[in-house]
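A look at the structure
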Amino acid sequence: MGFSVGVSSIGDLRGVEQFVASEEVAAQVRSLCHEFNTQVAKNGDRLTVNEGIRSRERQQALYQAWKTYQKYGRPYASLAANPYTSTHDHTRGSALDFGITRADGSNRALTQAEFDWVHTNGVRRGIRWTGANFRPVEQWHHNGGYPATVPPIPDAPIIDTITPEGDDDMSTYELVKDDNQTIWFVVDRMERRPLTSQKQVDDYKAFIRARGQNPDDTYQGDAMSSFGVDITAREFEYQLIRDPKSGSIYLSQNRVVLVPLATSGQVADYQDWLRRKGYSADVKDDSNLAAWGELIGK
């Protein structure tokens, strides 16, 4: 299978041992994690590998989920490469998705300060932040096996046990202020929304603090594009359409696809989903259904 880099604590991989393809990469990972855990980590937190080598079946499932999200805008899925091309594949096996395992065994994303430390110190160890080249950017994705400027730490330990399960949260939250003094709420540097009042700022600070992260450091953002997509500029548009002749109701996405909603319960569920996403849940009558997309499931 490869060389162990410890046990994951995230989601469906919780308690599953992770591997890389070479002894060199494993030594780099052990050394970097040991440095972080002895020099940076607090309160029993540990830098761990969420995922290393990935089966092709899992890669195919993640890739299909990403393609579905790209096409329909739901459900959310992270970027995933085509099987056989990913560096998570066992034939390459240099990919490293980093996370933090808390003292209670739960998982969280690194804070921005922690990510910055890993990005910088990883280079010394031969581990590079290759997720910087992804779109959207992935802070957690790295690759090992690059030339190191310092030797590996002999017999550096790995985390091979997970304590009782806690709450799993992979997201990192930040508050960022732009040149116009607008404060943005940022999720994983993938999406951001502007906060238009002090009450909103206070509410989001409480939200971040409740998840064990520090909301008090508001970063000054130079290039706001590096903090994700402004979700007030919608990438996807949705509309509920009713055919006045038949009374049937459909969900239109970007006027590209038209999804039939078979029951009043489905309509109510989609209306609730649209409201939560900030879209109108009103139903528009229109007998020209072809103008709202290609009907699927016909």
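Further remarks concern the pairing of strand β7 (residues 173-177). Buried residues dominate β7, accounting for four of its five residues. Two elements, β7 and strand β8 (residues 183-187), share five bridges in a ladder whose sense is antiparallel. Residue pairing in the sheet places L175 in a bridge with F185 of β8. Between β7 and β8, which pair antiparallel one after the other, the connecting turn spans five residues, and Q181 there sits at a positive phi close to 70°.

A few words on unusual backbone geometry. Phi is positive for N43, close to 60°, though the residue is something other than glycine. Relative to the assigned elements, N43 resides in the loop between α1 (23-39) and β3 (46-51). In this structure, Y84 is a non-glycine residue whose phi angle is positive, near 80°. Overall, Y84 belongs to the exposed group, its relative accessible area being 56%.

Turning our attention to the pattern of salt bridges. One pass over the structure, following the stated rule, counts nine salt bridges. Between R124 and E35 there is a salt bridge, with its nearest N and O atoms 3.4 Å apart. With R124 in helix α3 (residues 112-125) and E35 in helix α1, this pair connects stretches of sequence that are 89 residues apart. We classify E35 as buried; its relative accessible area is 8%. Between D89 and R56 there is a salt bridge, with its nearest N and O atoms 2.7 Å apart.

Rules behind the numbers
- Residues numbered from 1 in each chain as written.
- Predicted model: local features only at pLDDT ≥ 70, side-chain atom pairs only at ≥ 80, totals over all residues.
- Heavy atoms only, no water.
- Buried < 20%, exposed > 50% of the residue type's maximum accessible area, 1.4 Å probe, protein only.
- Helix = DSSP H or I, 4+ residues; strand = E, 2+ residues; numbered from the N terminus.
- Pairing = 2+ DSSP bridges.
- Salt bridge = Lys/Arg side-chain N within 4 Å of Asp/Glu carboxyl O.

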